[in-house]
There are 2 protein chains.
Amino acid sequence: MKHDRILLEHGAGGFLSHHLITDVFLPLLKNPWLERLEDSAILRIGDQKLCFTTDSYVIDPIFFPGGDIGSLAVHGTVNDLSVCGGKPLAMSTGFILEEGFPMEDLRRIIRSMAEAAAKAGVPIVTGDTKVVARGAADGLFINTSGIGLIDYPSPLSVESIQPGDVIIVSGAIGDHGAAVLSKRRELGLKSEIRSDSAPLNGLIAQILAASPDIHFMRDPTRGGLGAILAEIAAQSGFLIELREKDIPVREEVRGICEILGFDPLFLANEGKVTLFCAPGDEGRILNVIKSHEYGRDAAVIGAVGEPGRGRLVLRTAFGGSREVDLPVGELVPRIC
Amino acid sequence: MKHDRILLEHGAGGFLSHHLITDVFLPLLKNPWLERLEDSAILRIGDQKLCFTTDSYVIDPIFFPGGDIGSLAVHGTVNDLSVCGGKPLAMSTGFILEEGFPMEDLRRIIRSMAEAAAKAGVPIVTGDTKVVARGAADGLFINTSGIGLIDYPSPLSVESIQPGDVIIVSGAIGDHGAAVLSKRRELGLKSEIRSDSAPLNGLIAQILAASPDIHFMRDPTRGGLGAILAEIAAQSGFLIELREKDIPVREEVRGICEILGFDPLFLANEGKVTLFCAPGDEGRILNVIKSHEYGRDAAVIGAVGEPGRGRLVLRTAFGGSREVDLPVGELVPRIC
């Protein structure tokens, strides 16, 4: 799959995104941190274990039901640190602004970042601003990077996943993707779907406190639950089985997906965590998640099977099963 | 100075950049780290002192004599960590790519980042890639953030600056700005000026090892030596005196400035450090700098005077003097 130019799909979280990383970035930047292919790097500094992550946000539109590019940029980095078991300590932010961008919109976005950072309890400690001429960017782009402190005793890593592990998702999937799509297409639907964009550090701290046997967590953002689980299956080499009927999806999201021809499995989430835990632990963990404001609709959705060639298999509601691959076609560009 | 839209000058490192930070970002994100107005935030984690910094790079053109956007992004973050006294430990990188960007150029830039990171001895440990449609960005933008470990005993801070402090610059100023300008305008000059883009962590480690009495350092990037010293004068409240005849400027840079109507004092540098040290220490420090490959043309260029209203004054080569303010008009947009 050779391309001599960047395609939109290289940024959409599917097959081409994966190959851009593994075929272009990794061979040139080769180092053990990047090769883990996880959202945060783990650094040992003295006797401390830190995690460090970065994300740029190019979402279109910048204001959407349930959030905006500012709150999203804060939640995204807080959540990336949290899923690697880190207590987020501090964030940076870099703004790229297009000449002519309305100052009032800029203030609104910075205010939203400040509120999101305060709610998450994570300060934005350093920043940078660049401006490019009209037409050289689309409004504004934001980068946030973050540092967290890890004190969970066992490593949360794809390598910790075991056959028999139970898979939980913390709520209904696809809300963020559906909210942005419906805003973008101006569908004029009556019931407005809101993004689930939220800081998960509080919820995840409670999960980690409840069980010493969490093996892995990831937030199913770009590419959705389907893409991240297909990637985990491939990385771990295990069969991963999902039960379609157990995956929570809101009726409105299902409706939008039918109208637009999307699969909720591949729609982005910005306030959900998927976790792998030791069998027997799932009841306790599910109770903790369900009692948190961001986890009311949590569910056990599948399990890890035997080692093999690392496939993700969906047991459909009708009793059949199908293999789920990293999506190849265009997912939703600029979803985060 | 109210503007209801972002102007190019808001990103150029002068007066409007300063006011965008102090009037828009700071009041909304208000916290003690940001209020220091320094390039890196200092964080205490356990008994360790870390610094954390971020910068986005939007330089135009992306390839220029002496470097490219990739090496620049590495050097910029390495240098920001180094001037706060930090030993750089790790960097992140976030790419925003325009659909259609040539894969070969992307590989060339990543290779250049890898080489710059290897030369500086600082790994790129985590990353992110986004793609936007044709016309929604100009080729590519890169963010790098970084973490460093500080073990210099006294704080390198504007607040540590004292009357009588001696000011040193590590070499000739304006090379980066002049190189980018001459490339951009296709001046067709015979002698090609190269950017000074370089990693300063090695040089700065030697400076810190040579003297326990460095008070402050900054790399005079966007806005040049003039803008950063004017800002330091305003922040510290001290008179800062510069001797024009002692400021090293290459003949070619002076020539370009005359042709294009720029002042080398406000041209960006990407491989220079300006430092404030206790009087009496400057000889030893200058020797250390001059014996380093990136410091051959270092010079003592001025001194800190009495407290007052925080002015930067240039003693001109002709025996006069003039006050230097943060530049108001357009400096050079997209210089870094």
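Check the entry above for the structure.
Nothing here was measured: the structure is a model prediction, and the numbers come from that model. (Residues numbered from 1 in each chain as written. Chains lettered and ligands numbered in written order. Predicted model: local features only at pLDDT ≥ 70, side-chain atom pairs only at ≥ 80, totals over all residues. Heavy atoms only, no water.)

Draft legend 1. Looking closely at the relation of the copies chain B and chain A. Each copy of the sequence occupies a distinct position, and chain B is placed on chain A by a rotation of 180° and an axial shift of 0.0 Å, giving an RMSD of 0.0 Å. Considering both components of the superposition, the chain copies are consistent with a two-fold axis. Of every C-alpha in chain B, the one belonging to B:Ala137 sits nearest the axis of rotation, 2.1 Å from it. In this assembly the copies share their binding face: 100% of the residues contributing to the interface of chain B also contribute to that of chain A. (Least-squares fit on C-alpha atoms with pLDDT ≥ 70 in both. Contact = heavy atoms within 4.5 Å.)

Draft legend 2. Geometry of the interface of chain B and chain A. Taken together, the contact pairs 78 residues of chain B with 78 residues of chain A. Taken over both partners, the interface formed by chain B and chain A buries close to 6,600 Å², and the fraction arising from carbon and sulfur atoms is 71%. The largest per-residue losses of area from chain B upon contact with chain A belong to B:Ile6, B:Phe52 and B:Met103, which jointly make up 10% of the total buried on that side. For the pair chain B and chain A, the number of links is four salt bridges. As a salt-bridge pair, A:Asp55 and B:Lys130 come within 3.4 Å of each other at their nearest N and O atoms. (Buried area = accessible area lost by both parts, 1.4 Å probe. Salt bridge = Lys/Arg side-chain N within 4 Å of Asp/Glu carboxyl O.)

Draft legend 3. View of the packing of aromatic side chains. All told, the structure shown has six aromatic pairs over all chains when counted by the stated rule. Ring centres 6.3 Å apart and planes at 80° place the aromatic pair A:Phe52 and B:Phe52 in the edge-to-face group. Here B:Phe52 lies in strand β2 (residues 48-57) and A:Phe52 lies in strand β2 (residues 48-57), a pairing that spans two chains. Looking at A:Phe52, the relative accessible area reads 0%, which means it is buried. Aromatic side chains A:Phe95 and B:Phe25 sit 4.9 Å apart centroid to centroid with 85° between the ring planes, which places their arrangement in the edge-to-face category. Of this pair, A:Phe95 sits in strand β5 (residues 86-98) while B:Phe25 sits in helix α1 (residues 15-29), on two different chains. The pair A:Phe95 / B:Phe25 is uniform in exposure class, with both members buried. The positively charged end of A:Arg108 is found above the aromatic ring belonging to A:Phe63, 3.6 Å away from the centroid. (Phe/Tyr/Trp six-rings, centres within 6.5 Å; stacked < 30°, edge-to-face > 60°. Helix = DSSP H or I, 4+ residues; strand = E, 2+ residues; numbered from the N terminus. Buried < 20%, exposed > 50% of the residue type's maximum accessible area, 1.4 Å probe, protein only. Lys NZ or Arg CZ within 6 Å of the ring centre and 35° of its normal.)

Draft legend 4. Structural view of the environment of B:Ala278. Residue and element names in this part refer to chain B. For Ala278, the position within the fold is in the loop between β11 (274-277) and α9 (282-290). Take Ala278: its relative accessible area is 11%, and that puts it in the buried class. Counting along the chain gives 111 residues from Ala278 to Ile167, while the straight-line C-alpha distance between them is 9.2 Å. Ignoring any residue separated from it by four or fewer positions in sequence, one finds Ala278 in contact with Asp165, Asp213 and His215.

Draft legend 5. Seen up close, helix α7 (residues 224-236) of chain A. Residue and element names in this part refer to chain A. Here α7 contains 13 residues, and its C-alpha end-to-end distance of 18 Å stays within 8% of the 18 Å for a straight helix at 1.5 Å per residue. By the criterion of burial, α7 is predominantly enclosed, with 10 of the 13 residues buried. Gly237 lies just past α7 and shows a positive phi near 85°. (Expected span 1.5 Å × (residues − 1).)

Draft legend 6. Inspection of the environment of A:Lys290 at higher detail. Residue and element names in this part refer to chain A. Note on placement: Lys290 falls in helix α9 (residues 282-290). Judged by its relative accessible area of 37%, Lys290 is partly exposed. The spacing of Lys290 and Ser157 is 133 residues in sequence and 24 Å in space, taken between C-alpha atoms. Excluding residues that lie within four positions of it along the chain, Lys290 makes contacts with Gly295, Arg296 and Ala298.

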